[in-house]
2 protein chains.
Amino acid sequence: MTPPPSSLPDYVATQLRTAILGGQIAAGTPLRQEDIAQQLGVSRPPVREALRLLEGEGLAVLRPRRGYVVASLDAADVVEIFGIRERLEEHAAELAAMHRTAEDIADLARLLEEMEAIEDRDLAGFAAANHAFHARIFQVAGRPRLLRMMLSLRETVERYVRVGGALSGDMTVVRAEHRAIFAAFEAGDPARLGSVSRAHVASTGRRLLAALAQHD
Amino acid sequence: MTPPPSSLPDYVATQLRTAILGGQIAAGTPLRQEDIAQQLGVSRPPVREALRLLEGEGLAVLRPRRGYVVASLDAADVVEIFGIRERLEEHAAELAAMHRTAEDIADLARLLEEMEAIEDRDLAGFAAANHAFHARIFQVAGRPRLLRMMLSLRETVERYVRVGGALSGDMTVVRAEHRAIFAAFEAGDPARLGSVSRAHVASTGRRLLAALAQHD
DNA sequence: AAACAGAAGATTGAATACAATTCTGAGTTG
DNA sequence: CAACTCAGAATTGTATTCAATCTTCTGTTT
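Criteria and cut-off values
- Residues numbered from 1 in each chain as written.
- Chains lettered and ligands numbered in written order.
- Predicted model: local features only at pLDDT ≥ 70, side-chain atom pairs only at ≥ 80, totals over all residues.
- Heavy atoms only, no water.
- Helix = DSSP H or I, 4+ residues; strand = E, 2+ residues; numbered from the N terminus.
- Rg over C-alpha atoms; globule rule 2.2 N^0.38 Å.
- Buried < 20%, exposed > 50% of the residue type's maximum accessible area, 1.4 Å probe, protein only.
- Contact = heavy atoms within 4.5 Å.
- Least-squares fit on C-alpha atoms with pLDDT ≥ 70 in both.
- Expected span 1.5 Å × (residues − 1).
- Polar contact = N/O pair within 3.5 Å; in protein donor to acceptor, adjacent residues only side chain to side chain.
- Buried area = accessible area lost by both parts, 1.4 Å probe.
- Salt bridge = Lys/Arg side-chain N within 4 Å of Asp/Glu carboxyl O.
- Nonpolar A, V, L, I, M, F, W, Y, C, P; charged D, E, K, R; others polar.
- Domains from an automatic or database assignment.
- Near = heavy atom within 4 Å.

Colleague: I would appreciate a short explanation of the overall build of chain A in the present structure.
Modeller: Looking only at helices and strands, one finds nine helices and three strands in chain A. Relative to a compact globule of 216 residues, whose C-alpha radius of gyration would be 17 Å, chain A shows 19 Å and is just as compact. The dimensions of chain A, computed from C-alpha atoms along their principal axes, are 55 × 40 × 30 Å. Across the 216 residues in chain A, those meeting the buried criterion constitute 49%. Long-range contacts, defined here as pairs at least 24 residues apart, represent 73% of the contacts in chain A between residues at least 6 apart.

So this is what it looks like as structure tokens:
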């Protein structure tokens, strides 16, 4: 699926990204260049470039002469990111509803079925299916920059979704929202698909915030 | 206003950014690391990091083993970017209308006056005043990530606004839109400020597209 | 005993050096 | 005469080396 990283910086960035997103490296942890280089069997320059990439993605922050640390998110950041995602998701949904083909509908129906088949307890599997479902809609929208921005924003909050366990609990609500999204997609109603998609993001954000508040 | 770049990569990135945005380096131009390094009196590693930064900002694209080139935009890119900006500007405007203080209103009034005082022919001066006006509204919204994203998107299309001369011509329309924005800001009406701000972005996009179409 | 000053170690930042790939050109061949 | 091949040059990618700054530990002083 994902092509093998062509350069060492890309490789290093990929490794660090999955480690951070997977929760192996906690927020606030210093990212020591020499350690990373030695651990991955490369030298420091490619590590430095990889860190610049992560900086651009918002996953690491640089304090001059003091190195990088894994970026941390507070509640305000979550609110901000989900606010943005609401608007962009609505935008993409409206475009997707206008451009969708019969094949797109069939594909999305299949992805929805697959997601329905997954048990509530299989969080990782559900997250993957969920990701595929939404990514397919974005693909229909046909806006590469928009897609990249959404993926980046999603990535940034994803690790908190995991630790906060925001996906657990009332799965019935999530499933109902997905069915509503598919129905509007099938109907080709831009306004409706836009609003249900936006509502879906908003409700996801609310669940995450609630989970985070409870977690502290 | 802008603090001096703390590191060499930041310095190099700033230099390249202004050169690209100012039109000194055309789209598609290869960015040779050695040339840039020699011209700015630094070595290649910091140049490489700077290019990674520009890559993240969408101003340069990397073709593995073949170096970086200045990113180019076609009409579809412009449509996409302005579509995103419409939504994000509306979002920010709604937030700004809710959070504004008396001091914010006074500041924005002053910025509007300054912009009104600039002659139509002084494109650079008008662009700067325009930028300050909109940046002040975003500041009121109080969303740093949203601000960064908007600045990046604005930057990306700015050079085309310049070459296309999209700001020239019917300045009366632009000025009227700015007055409408200020009025809604002063009134503190989120829905109205959102819609007029979004319409302003949309009309700017239409003008740019028309100018680009005419230019070819 | 607590706080500060100083020195040693560690870590980042930048420059130089080396390796590998790609582009360019001339020469040759079909 | 066009197209292909091969060699040299140029450029990117990576590693190693050096310099500057920050952190931390220790010793001293108040």
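That shown, we press on.
Colleague: I'm lost on the relation of the copies chain B and chain A in this one. Help?
Modeller: The two chain copies are connected by a rotation around an axis plus a translation along it. Mapping chain B onto chain A calls for a rotation angle of 180 degrees and an axial translation of 0.0 Å; the resulting RMSD is 0.1 Å. What we have between these two chains is a two-fold relation. The overlap is high: 100% of the interface residues of chain B also sit at the interface in chain A, so the same surface is used on both sides.

Colleague: Please explain unusual backbone geometry as it appears in this structure.
Modeller: Only a minority of non-glycine residues have a phi that is not negative, and only a minority of peptide bonds are not trans. The backbone of Arg65 of chain A shows a phi angle near 65 degrees, a positive value even though the residue is not glycine. The topology assignment puts Arg65 of chain A in the loop between strand E2 (60-63) and strand E3 (67-70).

Colleague: How should helix H4 (residues 75-99) of chain A be read in this particular structure?
Modeller: Side chains of residues three or four places apart in an α-helix project in the same direction, reflecting 3.6 residues per turn. In a regular helix each residue adds 1.5 Å, so 25 residues correspond to 36 Å; H4 of chain A covers 36 Å between its end C-alpha atoms and thus fits that length. N-cap assignment for H4 of chain A: the residue whose side-chain oxygen lies 3.2 Å from the backbone N of Ala76 of chain A is Asp74 of chain A.

Colleague: What should I look at first to understand the interface of chain B and chain A in this one?
Modeller: Size of an interface: often given as the accessible area lost when the parts come together. Between chain B and chain A, the contact holds 28 residues from the first and 28 residues from the second. Both sides together, the interface formed by chain B and chain A hides about 2,600 Å², and carbon and sulfur atoms give 52% of it. Interface area lost by chain B to chain A is led by Arg52, Arg87 and Arg145 of chain B, which between them contribute 29%. Viewed at the interface, chain A and chain B are joined by 10 salt bridges. Between Arg52 of chain A and Asp10 of chain B there is a salt bridge; the shortest N-O distance is 3.8 Å. Taken together, the connections running from chain B to chain A amount to 14 residue pairs in polar contact (both at pLDDT 80 or more). Of all elements in the fold, only helix H1 (8-21), helix H3 (44-57), helix H4 (75-99) and helix H7 (144-164) of chain B reach the threshold of two or more residues within the side of chain B that touches chain A. Counting residues per element, the side of chain B that touches chain A draws most heavily on H4 of chain B, which supplies 11 residues. Looking at side-chain class alone, the side of chain B that touches chain A contains 12 nonpolar, four polar and 12 charged residues.

Colleague: Looking at this structure, how should I read the domain arrangement of chain A?
Modeller: All names here are of chain A. Taken domain by domain, chain A comprises domain 1 (8-70) and domain 2 (75-215). Between the C-alpha centres of domain 1 and domain 2 there is a distance of 28 Å. With eight residues of domain 1 at the interface, the matching set in domain 2 holds six residues. Of the roughly 610 Å² buried at the junction of domain 1 and domain 2 (both faces included), carbon and sulfur atoms supply 50%. Linking domain 1 with domain 2 are zero residue pairs in polar contact (both at pLDDT 80 or more), by the criterion used here. With three residues, helix H1 (residues 8-21) is the single largest residue contributor to the side of domain 1 that touches domain 2. When the residues that make up the side of domain 1 that touches domain 2 are grouped by side-chain class, the tally is five nonpolar, one polar and two charged.

Colleague: Any chance you could explain the protein's contact with DNA strand D here in plain terms?
Modeller: For DNA strand D, the set of nearby residues contains 17 residues, the closest of which are Leu8, Ser43 and Arg66 of chain A together with Arg44 and Arg48 of chain B. Close to the protein, within 4 Å, the atoms of DNA strand D are drawn from sugar and phosphate at a rate of 73%. Between DNA strand D and Arg66 of chain A there is a distance of 2.7 Å, counted from a phosphate oxygen to a side-chain nitrogen or oxygen. Interatomic distance of 2.7 Å between a side-chain N/O atom of Arg44 of chain B and a base nitrogen of DNA strand D. Of all elements in the fold, only H1 and helix H3 (44-57) of chain A together with H3 of chain B reach the threshold of two or more residues within the surface near DNA strand D. Among the residues forming the surface near DNA strand D, the class breakdown is seven nonpolar, four polar and six charged.

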